[in-house]
Amino acid sequence: MLSCCAMWGGALVVLAGRAVYGTEEETPSGGAEPEPVLIRGSEPMHIALLANTTRHLGVDTGSEAVGVLVRAHTLSPNVSISRTQAFPPQSSYTGTSAGLWIPLRPSDRQADFCLRASENVTALVTAVLYGEQDPVPGACNMEFRMEDDPNIHLRFTTHETVTEFAPANLGVARGQPPPSCDTGQGTHTRWRLTYELYQYFLPEGDLSEASLFDGLAKMNSVREVEQNGRKVASLTSLDKTRVLGNAYAGIGVVFCVIVRDPLLNTSSLYVPASTYSCHFSSRPPQSCQIQGQTATRVFFTVLGVCGLFVCFMGHRFLTAESFFLGFLTFGFVAFAVLGRFSGQSYEMCLVYTAVLAVVGGGLCALCWWRFGAPIPLTVLAGLALGLVLAAGIALSPVVNEPPLRSYLLFWVCVTGFSVLLTLLLLSWPRTLIILSGAVVGSYMAVFMLGTFLPSGLSYVLVSAVRRAVSPPFSQAIVFVPFQTRDFVLTTLWAVLAVGGAVSQHFLTRDKPHFPPCPYRSRSSQTPSAPQVCDERTPLRGRGVQVCDHTGLGRSAWCCGAALPSGGD
């Protein structure tokens, strides 16, 4: 085993003070390279790294451990970890969460490794010792670059996060060769191992280094992961070690994988990995510091204000409510189709969606204005309400069951739920339209706030759109963060919905359930042309008419109803 120890000049300095995580942060002074650090125990340590400078560290392993897993975490930028100062690609790893498995020889009492970063940064460093009965994370790697890769390979796209890791192997005593990864599939091989994926949500909107390090400290061991994390998936050795999840931009998530040996009742932890589903950068634009794009904010701000109006006064102004519900329905369908098949950028899809939604909403409003038929408006309201409620149900844990993670089945269930809800409430059209305006309008108002503040509640609608735009998203295991901000916004949504329904009821309680359409009301208020009567026009029941008996334009009042009964 190559050692970084030779570069130290034979001196190791034990870090004295213990701070937040049990260790004092190393602070460089005067630009000089910090002294080497010896890590004792499994408590996380803050280590300061200078730009493009190799930092040498050692781990006190004792005589019982057969291997050590060293981990280094940063918020940004990436950190590189290696057993040698050369950082060869085959035995080093680079990332914001980087780990290294170091097997120990019988004579080893210390394991050495090196850290390096491209910028000045503080790293959270941890070392975990493993016994000979503990599974070895990533020791049967056949996909990634390193021979033993205990890291969680975490990446994100616009719609989902992708978590991958290498299979583990059985542990062995010091100096013994590891078991073969491909020989047989019996209970004496690594195929008996099982895996569990956990996640832990960091505080919403908190992009600080302290928040990340605090979250990682809560996921430092198997016991802490089980206590603080939420189990996302359970896998066997026959399953793919690849799991899809929802991408929450601006909300930090820590992922951990526990590998278990059910025969020996032992377990080990892979290197935890974190993501914010956005990019940290020292150069603009810093996408993690910008919650949503400008076009998105403008679009949903206007939609949220309109939703607030419909929530409280929708049934009083049915033409406006028809436009709003038609806008949402046509907009959802248009964005799903454009996003999946057009290949356009997000900004162009949003522009085209706005245009098509205005056209669709205008047609719905024109239909009500001209004909005043309540059934089409009732059906439209039922479909919009059903879509929002079905999208909320789709974020419940029951949808993560394998039989329900089907693209076709999901949309069949959503469509069926919307149609069924419409049919059940079709006998009470006024109630359905008031509920739809209150619930959908208030949600759009709350969604408007979600474009400025990171919140899991806004992903009720976003996740439904993602399922429509990206078919692979149907395989994602979705758990929504529900923290203090989400609780406040959910309460606000409920209060607005109830208040809006009550407001609409009282505004229209003394009016017909469905007033005459504006076109007919306007036509009835327009005075009609005088009716010309002649000697054949009956007098009774005609009321007052303007009659021209001479044909010369002289008019005289000829009153059938005004004549005395029985008069000539």
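Residues numbered from 1 in each chain as written. Predicted model: local features only at pLDDT ≥ 70, side-chain atom pairs only at ≥ 80, totals over all residues. Heavy atoms only, no water.

Re helix 8 (residues 429-450)
Cut-off, in case you're wondering: For the purposes of this entry, the term helix denotes a DSSP run of H or I that reaches at least four residues, the term strand denotes a run of E that reaches at least two, and both are numbered from the N terminus. By this rule, a helix spans an expected 1.5 Å times one less than how many residues it contains. For every residue, the accessible area obtained with a 1.4 Å probe (protein chains only) is divided by the maximum for its type, and the residue is called buried under 20%, exposed over 50%, and partly exposed between those limits.
Taking 1.5 Å per residue, 22 residues should reach 32 Å; helix 8 reaches 31 Å between its end C-alpha atoms and fits that length. Helix 8 sits mainly inside the fold: 18 of its 22 residues count as buried.

Focus on the side chain of aspartate 134
Quick note on the threshold: Residues counted as positive are Lys and Arg, residues counted as negative are Asp and Glu, and His and the chain ends are not counted. One speaks of a salt bridge when a side-chain nitrogen belonging to Lys or Arg is within 4 Å of a carboxyl oxygen belonging to Asp or Glu. Note on contacts: a residue pair is in contact if any heavy atoms of the two residues lie within 4.5 Å.
Of note, aspartate 134 is situated in the loop between strand 10 (121-130) and strand 11 (152-156). No salt bridge forms around the buried aspartate 134; measuring N to O, its nearest opposite-charge neighbour arginine 260 is 10 Å away. Other than its neighbours up to four places away in sequence, aspartate 134 contacts Gly171, Thr266, Ser267 and Ser268.

Considerations on the state of the cysteines
Heads up, the rule is: Note on terminology: pairs of cysteine sulfur atoms within 2.5 Å are recorded as disulfides.
Applying the stated criterion across every chain yields a total of 1 disulfide. Here cysteine 140 is linked by a disulfide to cysteine 181, with a sulfur-sulfur distance of 1.9 Å. Looking along the S-S bond of the cysteine 140-cysteine 181 disulfide, the torsion reads about -85°, which is the left-handed sense. Separated by 41 residues along the polypeptide, cysteine 140 in the loop between strand 10 and strand 11 and cysteine 181 in the loop between strand 12 (160-165) and strand 13 (194-201) bring together distant segments of the chain. Considered together, cysteine 140 and cysteine 181 belong to a single accessibility category, that of buried residues.

Notes on the environment of proline 179
Structurally, the position occupied by proline 179 is in the loop between strand 12 and strand 13. Assessed through its relative accessible area of 29%, proline 179 is described here as partly exposed. It is 7.3 Å that separates the C-alpha atoms of proline 179 and asparagine 169, two residues lying 10 residues apart in sequence. Here proline 179 is in contact with Asn169, Leu170 and Val172, once residues within four sequence places are set aside.

Topic: the pairing of strand 3 (residues 45-49)
To be explicit about the condition: Think of it this way: DSSP has to see at least two bridges between two strands before they count as a pair.
Across the 5 residues of strand 3, 5 count as buried, placing the element largely inside the fold. Neither face of strand 3 is left uncovered, since the one carrying Met45, Ile47 and Leu49 and the one carrying His46 and Ala48 both have all their residues buried. As paired strands, strand 3 and strand 10 are joined by 5 bridges and run antiparallel to one another. Paired with leucine 49 across the strands is valine 121, a residue of strand 10.

Observations concerning the confidence of the model for the protein
Spelled out, the test is: Residue-level confidence of the predictor is what pLDDT reports, using numbers from 0 through 100.
Here the protein averages 82 in pLDDT, and 83% of its residues register 70 or above. In this model residues 1-34 is a low-confidence stretch, pLDDT under 50, and it forms 79 contacts with partners more than four residues away in sequence or in other chains. Considering only residues more than four positions removed or in separate chains, one finds that residues 541-568, a stretch of pLDDT under 50, has 38 contacts.

Some points on the pairing of strand 17 (residues 266-269)
Two faces belong to every sheet, and in a regular strand the side chains alternate between them. In this sheet, strand 17 lies alongside strand 16 (residues 253-261) in antiparallel orientation, the contact comprising 4 bridges. Of the residues in strand 17, the one forming a bridge with aspartate 261 is threonine 266. Between strand 16 and the antiparallel strand that follows it, strand 17, lie 4 residues; asparagine 265 among them carries a positive phi value of about 60°.

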